[in-house]
Amino acid sequence: MDDAEKIVTIVGSVLAHEGAEFVYAGKIPECEKCKVVKVCHNAKLREGRRYRVTAVRPTKHECFVHAGGAVAVEVAEAPITAVIPTSQATRRTRITYTPVCDDRFCKGYAFCHPDGMTEKGRYVVLEVLGSYNEMCPKGKKNLKLVELRSVPT
């Protein structure tokens, strides 16, 4: 990863390992009194986006929010696995995301509404992982499982 993609932030010690993923939720009132608030809430982080820890730094901090303290890490935006219509599932295609199913009790709900995605958000298809037709608990057809990344705004 080059320096342009590297984002330094601070996460709870539980998330401070390579490969851990989280959705950045933004600042809460307890953060205002912290001396490292500007690093923790790095201006490059975008609310609602999913990030993956790519490196852990040795710096540790006490934290008003995270039990066990917090640790400095490097993160990058993580790809999101989702289900989209086959007609949109072409590598490097930009799409406006609309969930294919809204049944909250469906076993596949997490693929139709993955954490870190927003309805009507703009994404680019990174990879087509395969057909979702046989896996769809609702029996919907013409679906693909893909990896997406948000389009910078």
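To keep things clear, this report deals only with the structure shown in the data block. (Residues numbered from 1 in each chain as written. Predicted model: local features only at pLDDT ≥ 70, side-chain atom pairs only at ≥ 80, totals over all residues. Heavy atoms only, no water.)

1. Digging into the layout of surface pockets
Reported here for the largest pocket is a volume of approximately 390 Å³. In this structure, the largest pocket is lined by 25 residues; those nearest its centre are Ile10, Gly26, Cys40, His41 and His66. Here the lining of the largest pocket gets four residues from one element, more than from any other, and that element is strand β1 (residues 7-12). Across the lining of the largest pocket, the residue classes break down as 18 nonpolar, five polar and two charged. (1 Å grid on protein atoms, 1.4 Å probe; cavity = no way out; pocket = protein on both sides within 12 Å on 5 of 7 lines; lining within 4 Å. Points joined across faces, edges and corners; volume = space filled by probe spheres on them. Helix = DSSP H or I, 4+ residues; strand = E, 2+ residues; numbered from the N terminus. Nonpolar A, V, L, I, M, F, W, Y, C, P; charged D, E, K, R; others polar.)

2. Notes on the pairing of strand β7 (residues 122-131)
Bridge analysis of strand β6 (residues 94-96) against β7 gives three bridges, and the strand direction is antiparallel. Within the sheet, the bridge partner assigned to Thr96 lies in β7 and is Arg122. Bridge analysis of β7 against strand β8 (residues 143-150) gives seven bridges, and the strand direction is antiparallel. From the neighbouring strand, Gly130 faces β8, where its bridge partner is Leu145. (Pairing = 2+ DSSP bridges.)

3. Comments concerning the sheet that holds strand β3 (residues 50-61)
With respect to topology, four strands assemble into an open sheet ordered β1-β4-β3-β2, the strand pairing being antiparallel. For this open sheet the edge positions go to β1 and β2 (21-23), each flanked by a neighbour on one side alone. When the angles between neighbouring strand axes are averaged without regard to direction, this sheet yields 50°. In terms of strand pairing, β2 meets β3 through three bridges, oriented antiparallel. Paired with Val23 across the two strands is Arg50, which belongs to β3. (Axes fitted to C-alpha atoms, helices over the stretch in contact; angles between N-to-C directions.)

4. Examining the environment of Val124
Checked against the element boundaries, Val124 lands in strand β7. Sequence separation between Val124 and Arg94 is 30 residues; the distance between their C-alpha atoms is 4.3 Å. Not counting chain neighbours up to four residues away, the residues in contact with Val124 comprise Arg92, Thr93, Arg94, Glu147, Leu148, Arg149 and Val151. (Contact = heavy atoms within 4.5 Å.)

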